[in-house]
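So the chains spell out like this:
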Amino acid sequence: MPHRNLISMLGLLGLFAAAGAAYQTKIEKVVPKDISPANGKAMFQEYCAACHGTDGKGTGPAAPALKKAPADLTQLSVHNNGKFPDVRVSRYIEGMDTVQAHGTRDMPIWGDVFKSLNRDPAASTMRVSNLTEYVRSLQGK
Ligand code: HEC
């Protein structure tokens, strides 16, 4: 199926990194590194910090080049009546939610990227779960 191939190719190119001076922010798509699925913090720094910032507040170096500002991941509980929206966060990271129906989104579909890193689906599940736990640990920071 040609469509499937296109989707997994886009998945491989899913990670963005920013380069260049402040007046000329350029986004490069690079093949993501295979960080251990067990290490939420290291995965966050490698896969998420370019846009969301190392502190998760949404001010990473690639943020100015995006159409939409990356979410402040430290305020998710505050905006959800004090309860961390873990299911929504996991589904958002994986790319399973309806966002695709609203056209292109700036955030990569990590579910596809993670599948391209490990054949074992359990590894992708562990990545999403440990990233979600790491984002939980950033609440209120
Ligand atoms: C290329 C930039 C980029 C990268 C890399 C990125 N994000 Fe995002 N993220 C965004 C943007 C922009 C939004 C805001 C909505 C949108 O456009 O999808 C967002 C939204 C989110 C949301 C939704 C927050 C809410 O309000 O529900 C979560 C959760 C999230 N990102 C987590 C992550 C995690 C975890 C990673 C790393 C695995 C990551 N993001 C990597 C750009 C990025």
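Residues numbered from 1 in each chain as written. Predicted model: local features only at pLDDT ≥ 70, side-chain atom pairs only at ≥ 80, totals over all residues. Heavy atoms only, no water.

K.L.:
Got a sec to walk through helix α4 (residues 110-117)? Specific residues and values, please.
P.N.:
Residues of α4 that are buried: W110, G111, V113, F114 and L117. Buried residues along α4 cover an arc of 160 degrees about the axis, so they all sit on one side. (Buried < 20%, exposed > 50% of the residue type's maximum accessible area, 1.4 Å probe, protein only. Helix = DSSP H or I, 4+ residues; strand = E, 2+ residues; numbered from the N terminus. Arc of directions from axis to C-beta.)

K.L.:
Describe the packing of aromatic side chains, with residues and values.
P.N.:
One pass over the full model with this rule turns up four aromatic pairs. Plain terms: the ring middles of Y47 and F114 are 5.5 Å apart, the flat faces sit at 50 degrees to each other, and that makes the pair tilted. With a gap of 67 residues between them, Y47 in helix α2 (residues 40-52) and F114 in helix α4 connect regions that are remote in the sequence. The exposure classification of Y47 matches that of F114, with both residues buried. Grouped by ring-pair contacts, the aromatic residues Y47, W110 and F114 constitute a single cluster. (Phe/Tyr/Trp six-rings, centres within 6.5 Å; stacked < 30°, edge-to-face > 60°.)

K.L.:
Describe unusual backbone geometry, and please don't skip the residues or the numbers.
P.N.:
Phi at N81 takes a positive value of approximately 55 degrees, unusual for a residue other than glycine. Relative to the helices and strands, N81 is located in the loop between α2 and α3 (86-94).

K.L.:
So what about the side chain of R127? Which residues, and what values?
P.N.:
On the secondary structure map, R127 appears in helix α5 (residues 121-137). Excluding anything up to four places from it in sequence, R127 contacts D34, I35, S36, P37, M43, Y47, F114, L117 and N118. (Contact = heavy atoms within 4.5 Å.)

K.L.:
Lay out the pattern of salt bridges with the relevant residues and their values.
P.N.:
One pass over the structure, following the stated rule, counts six salt bridges. A salt bridge links R127 to D34; the nearest nitrogen and oxygen atoms lie 2.8 Å apart. Remark: D34 occurs in the loop between β2 (26-30) and α2 and R127 occurs in helix α5; sequence separation between them is 93 residues. Of the residues examined, R127 reaches a relative accessible area of 0% and is grouped as buried. In this structure, the salt-bridge partner of K67 is D106, at a minimum N-O distance of 3.4 Å. Of the two residues, K67 sits in the loop between α2 and α3 while D106 sits in the loop between α3 and α4, which places them 39 residues apart along the sequence. With a relative accessible area of 72%, K67 lands in the exposed category. Accessibility expressed as a relative area gives 22% for D106, which makes it partly exposed. Each of D86, E133 and R136 takes part in a single network of salt bridges with overlapping partners. (Salt bridge = Lys/Arg side-chain N within 4 Å of Asp/Glu carboxyl O.)

K.L.:
I'd love a proper account of the site of the ligand, names of residues and values included.
P.N.:
Around the ligand sit 22 residues, and of these C48, C51, H52, Y92 and M107 come closest. A distance of 2.9 Å separates an oxygen atom of the ligand from a polar atom in the side chain of R88. Measuring from an oxygen atom of the ligand, one finds a side-chain N or O atom of Y92 at 2.2 Å. Those elements that place two or more of their residues in the shell around the ligand are α2 and α3. For the shell around the ligand, the residue count by class is 17 nonpolar, one polar and four charged. (Near = heavy atom within 4 Å. Polar contact = N/O pair within 3.5 Å; in protein donor to acceptor, adjacent residues only side chain to side chain. Nonpolar A, V, L, I, M, F, W, Y, C, P; charged D, E, K, R; others polar.)

K.L.:
Tell me about the nonpolar core, and please be specific about residues and values.
P.N.:
Formed by 20 residues in total, the largest nonpolar core has its most connected members in F44, Y47, W110, F114 and L131. Listing elements by their share of this core, those giving two or more residues are α2, α3, α4 and α5. (Core = buried A, V, L, I, M, F, W, Y, C linked by side-chain atoms within 4.5 Å.)

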